[in-house]
Amino acid sequence: MAKQFDVIVIGAGPGGYIAAIRAAQLGLSVACVDAWSNAAGKPAPGGTCTNIGCIPSKALLQSSENYEQLNHHFADHGITASGVTLDLATLLGRKDTVVRQNNEGILYLFKKNKVTFFHGTGSLASKTDFGWSVKVSGTADEDLEGRHVIVATGSTARELPGVPFDEEKILSNDGALRITAVPKKLGVIGGGVIGLEMGSVWRRLGSEVTILEAMPDFLAAVDRDVAREARKAFDKQGLVIQTGVNITEVKTTGKGVTVHYTDASGAEQKLAVSQLMVSIGRVPNTQGLGAETVGLKLDERGFVVVDEDCLTNLSNVWAVGDVVRGPMLAHKAEEEGVAVAERIAGQHGHVNFDTVPWVIYTSPEVSWVGKTEQALKAAGRDYKTGSFPFMANGRARALGDTTGFVKILADAKTDEVLGVHIVGPMASELIAEAVAIMEFRGAAEDIARICHAHPTLSEAVREAALAVDKRTLNL
Ligand SMILES: Cc1cc2nc3c(=O)[nH]c(=O)nc-3n(C[C@H](O)[C@H](O)[C@H](O)COP(=O)(O)OP(=O)(O)OC[C@H]3O[C@@H](n4cnc5c(N)ncnc54)[C@H](O)[C@@H]3O)c2cc1C
């Protein structure tokens with residue numbers, strides 16, 4: 001006899017585990033099935049985000065930034081240290097501990113909220129009178145039945161055609177998080193968020209890093225002023241970035257990897273590196289899910305097709321997160337997970353895609369929400385803009401980090417905030433105020449009238465809002 005649940009969630013990444021917990025909190029009986037195992041073969045819920053994505057990358061970014069500060073910036077504060085050494089094993093071990101604490105936290109939350117967890121691969125098997133049959137193959141095989149199923153199986157790094165990941169010389173984001181000796185030269189194919197973050201980690205730890213990007217523009221989706229400012233800072237740090245390249249061949253050699261490519265001018269080039277990270281996008285995980293068996297519709301790129309409510313073509317089968325359309329971000333997956341759980345419980349969950357923030361956790365950090373200036377121009381929207389440099393912000397000067405600025409775009413007539421773009425210290429934290437204002441469809445003047453603590457970086461956000469109307473308080 002199959003074990004029956006109101007909801008079966010397949011995948012325990014940020015989309016799946018949040019959906020499972022929210023559904024349980026709303027009084028539904030919930031099972032969550034996840035295949036991820038740690039090195040000891042034990043369950044490691046949390047998906048890409050917890051195991052090889054957001055969390056470990058941020059742990060390494062913090063450790064490497066500390067090393068960079070000690071080696072290059074503490075002297076400005078009159079603090080010098082001699083004999084500074086890098087214990088890479090400890091640094092990587094700390095990252096593993098942070099990951100493990102997050103895995104354990106999720107298992108604890110499952111227990112606390114009475115979510116039944118199954119460790120294994122879940123696949124949709126058939127439609128039944130009760131709902132859907134889901135088979136679990138793992139530590140113990142299980143037959144489950146759910147009135148509703150939420151597919152939250154996430155995504156995996158895309159390989160360069162003909163260049164499979166071996167995680168020794170050709171690295172995905174997974175291998176790039178556990179290199180055991182700092183590579184003399186690291187190549188990165190793909191200058192997106194992941195390539196820039198991992199490239200920054202290894203440059204700070206001592207690698208010569210070269211990033212090869214196919215697009216002619218650096219960070220093409222980012223506001224042009226912000227992308228230019230970030231590029232200037234990365235150049236200064238010695239992160240070599242080439243745009244407009246076309247990779248023609250990748251060869252592994254005894255010593256490392258050689259990348260043949262043509263540069264933006266069409267000239268043939270060769271890059272020899274110890275290791276090569278490939279970060280050219282991600283593919284949705286639908287293998288083993290039973291999509292064909294039950295007729296779950298996928299699009300031509302393999303994503304599960306969903307409507308605006310995250311409902312698939314099958315009744316009571318939903319899908320959220322990286323496996324469906326939209327930005328591949330943990331918080332987007334979480335929002336969709338919560339909204340679907342609420343819909344199943346008869347509530348009216350909602351996700352506002354216009355206010356999903358983006359962050360690149362490099363130094364300087366880059367964050368944005370809403371429209372870029374180039375998008376407003378292309379749409380023929382009448383807008384006004386204000387910006388404020390961190391150079392003129394007291395807290396930034398005290399921190400010793402005055403790179404970048406805040407830029408606000410507002411409707412020319414109504415003053416409604418249409419986009420906020422930040423490059424500089426703590427941009428990841430500062431963007432939350434912009435998201436809140438945009439959720440309430442607030443105006444630049446609303447930000448300008450809010451009391452901001454002094455001295456804080458957030459005063460730069462207020463000054464940028466004042467600058468929209470050509471005013472300043474110069475706090
Ligand atoms: C290096 C890196 C850094 C990142 N940093 C950030 C960041 O800072 N901020 C941010 O917002 N996003 C970041 N992301 C993106 C973020 O990790 C993803 O958007 C997010 O994890 C998607 O969540 P998800 O729940 O859809 O899928 P996932 O996190 O991929 O989880 C899916 C889970 O489902 C399991 N699974 C798959 N198929 C099955 C099956 N058939 N049966 C059972 N289990 C299955 C998988 O094993 C996995 O555990 C980063 C990604 C990478 C690679």
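What you are looking at is a predicted structure, and each value in this text was computed from that prediction instead of being measured.

1. Some words on the packing of aromatic side chains
Then, number 1: All chains considered together, the criterion is met by four aromatic pairs.
Then, number 2: Taken together, a centroid distance of 6.2 Å and an interplanar angle of 80 degrees make the contact between Phe-5 and Phe-118 edge-to-face. Remark: Phe-118 occurs in strand β3 (residues 115–127) and Phe-5 occurs in strand β1 (residues 3–10); sequence separation between them is 113 residues.
Then, number 3: On the numbers, 5.8 Å between centres and 25 degrees between planes, the contact of Phe-110 with Phe-117 is stacked.
Then, number 4: Over the aromatic face of Trp-132 sits the side chain of Lys-127, whose NZ or CZ is 5.1 Å from the ring centroid.
Then, number 5: Over the ring of Phe-218 we find Arg-231, and its NZ or CZ is 5.5 Å from the ring centre.

2. What about the site of the ligand?
Then, number 1: With respect to spatial proximity, 37 residues lie near the ligand, and among them Asp-34, Thr-48, Lys-58, Gly-122 and Ala-330 are the closest.
Then, number 2: Contact between the ligand and Ala-35: a nitrogen atom at 3.2 Å from a main-chain N or O atom of the residue.
Then, number 3: Residue Ser-155 places a main-chain N or O atom 3.5 Å away from an oxygen atom belonging to the ligand.
Then, number 4: For the ligand, the accessible surface in isolation is 1000 Å², of which the surrounding protein chains cover 93%.
Then, number 5: At the level of secondary structure, the elements contributing two or more residues to the shell around the ligand comprise α1 (14–25), β2 (30–34), α2 (47–52), α3 (54–73), β3 and α9 (330–344).
Then, number 6: Top element by residues in the shell around the ligand is α2. It accounts for four residues.
Then, number 7: Of the residues assigned to the shell around the ligand, the class counts are 16 nonpolar, 17 polar and four charged.

3. Let's talk about the sheet that holds strand β14 (residues 275–278)
Then, number 1: Read from one edge of the open sheet, five strands run β7-β14-β8-β9-β10, paired in parallel fashion. Each having just a single partner strand, β7 (170–171) and β10 (240–242) make up the two edges of the open sheet.
Then, number 2: Where strand β8 (residues 185–189) lies against β14, four bridges are found, and the strand directions are parallel. Counterpart to Val-188 in the pairing with β14 is Met-277.

4. With respect to the sheet that holds strand β12 (residues 257–262)
Then, number 1: Reading across from one edge, β11-β12-β13 is the order of the three strands in this open sheet, with antiparallel pairing throughout. Each edge of the open sheet carries a strand with a single partner, namely β11 (246–252) and β13 (268–273). Averaged over all neighbouring strand pairs, the angle between strand axes comes to 20 degrees, with direction disregarded.
Then, number 2: Relative to β13, β12 is paired through six bridges, and the arrangement is antiparallel.

5. Quick look at the pairing of strand β5 (residues 142–151)
Then, number 1: Of all the ten residues making up β5, eight are buried; the element is thus mostly covered by neighbouring parts of the structure.
Then, number 2: Here seven bridges tie β1 to β5, and the two strands are oriented parallel to one another. By the bridge assignment for β5, Lys-3 is matched with Leu-144.
Then, number 3: Bridge count for strand β4 (residues 132–138) against β5 is five bridges, and the pairing is antiparallel. Along β5, the bridge assignment pairs Val-134 with Leu-144.
Then, number 4: Hairpin connection between β4 and β5: a loop of three residues separates the two successive antiparallel strands.
Then, number 5: Strand direction decides the pairing type here: β5 and strand β16 (residues 317–319), joined by three bridges, are parallel. Residue Val-151 lies in a different strand from β16, and its bridge partner there is Ala-319.

6. Thoughts on the pairing of strand β20 (residues 405–411)
Then, number 1: Across the seven residues that make up β20, a large majority, seven, are buried.
Then, number 2: Residues Phe-405, Lys-407, Leu-409 and Asp-411 line one face of β20 and the alternating positions Val-406, Ile-408 and Ala-410 line the opposite face, and both faces are buried.
Then, number 3: For strand β19 (residues 383–389) and β20, the ladder comprises seven bridges, and the chain directions are antiparallel. Within β20, the position partnered with Pro-389 by the bridge is Phe-405.
Then, number 4: Where β20 lies against strand β21 (residues 417–424), six bridges are found, and the strand directions are antiparallel.

7. Comments concerning the pattern of salt bridges
Then, number 1: What the rule picks out here adds up to 26 salt bridges.
Then, number 2: For Asp-223, the salt bridge identified is with Lys-407, shortest N-O distance 2.8 Å. Here the residue Asp-223 occupies a position in the loop between β9 (208–212) and α7 (224–237), and Lys-407 occupies one in strand β20, the gap between them amounting to 184 residues. Judged on exposure class, the residue Asp-223 and its partner Lys-407 are both buried.
Then, number 3: Salt-bridge contacts for Glu-229 lead to Lys-232; the nearest nitrogen and oxygen are separated by 3.3 Å. Here Glu-229 pairs with Lys-232, and both are found in helix α7, just three residues apart, close to one helical turn.
Then, number 4: Glu-229 sits in the buried class, given a relative accessible area of 17%.
Then, number 5: Its relative accessible area of 55% is what places Lys-232 among the exposed residues.

8. Topic: the side chain of Ser-155
Then, number 1: Take Ser-155: it is sitting in strand β6 (residues 155–157).
Then, number 2: Look past the residues within four positions of Ser-155 in its chain and what remains in contact with it is Thr-48, Arg-282, Val-283, Pro-284, Asn-285, Asp-322 and Met-328.

9. A word on α1
Then, number 1: Taking 1.5 Å per residue as the helical rise, α1 with its twelve residues ought to reach 16 Å, and the 16 Å between its terminal C-alpha atoms agrees with that figure.
Then, number 2: Within α1, nine of the twelve residues are buried, which leaves it mostly tucked inside the rest of the structure.
Then, number 3: Those residues of α1 lying buried are Pro-14, Gly-15, Gly-16, Tyr-17, Ala-19, Ala-20, Ile-21, Ala-23 and Ala-24.
Then, number 4: Looking one or two residues beyond α1, the residue adopting positive phi is Gly-27, at roughly 95 degrees.

What counts and what doesn't
Residues numbered from 1 in each chain as written. Predicted model: local features only at pLDDT ≥ 70, side-chain atom pairs only at ≥ 80, totals over all residues. Heavy atoms only, no water. Phe/Tyr/Trp six-rings, centres within 6.5 Å; stacked < 30°, edge-to-face > 60°. Helix = DSSP H or I, 4+ residues; strand = E, 2+ residues; numbered from the N terminus. Lys NZ or Arg CZ within 6 Å of the ring centre and 35° of its normal. Near = heavy atom within 4 Å. Polar contact = N/O pair within 3.5 Å; in protein donor to acceptor, adjacent residues only side chain to side chain. Areas by Shrake-Rupley, 256 points an atom, 1.4 Å probe, with all protein chains shown as cover. Nonpolar A, V, L, I, M, F, W, Y, C, P; charged D, E, K, R; others polar. Pairing = 2+ DSSP bridges. Axes fitted to C-alpha atoms, helices over the stretch in contact; angles between N-to-C directions. Buried < 20%, exposed > 50% of the residue type's maximum accessible area, 1.4 Å probe, protein only. Salt bridge = Lys/Arg side-chain N within 4 Å of Asp/Glu carboxyl O. Contact = heavy atoms within 4.5 Å. Expected span 1.5 Å × (residues − 1).

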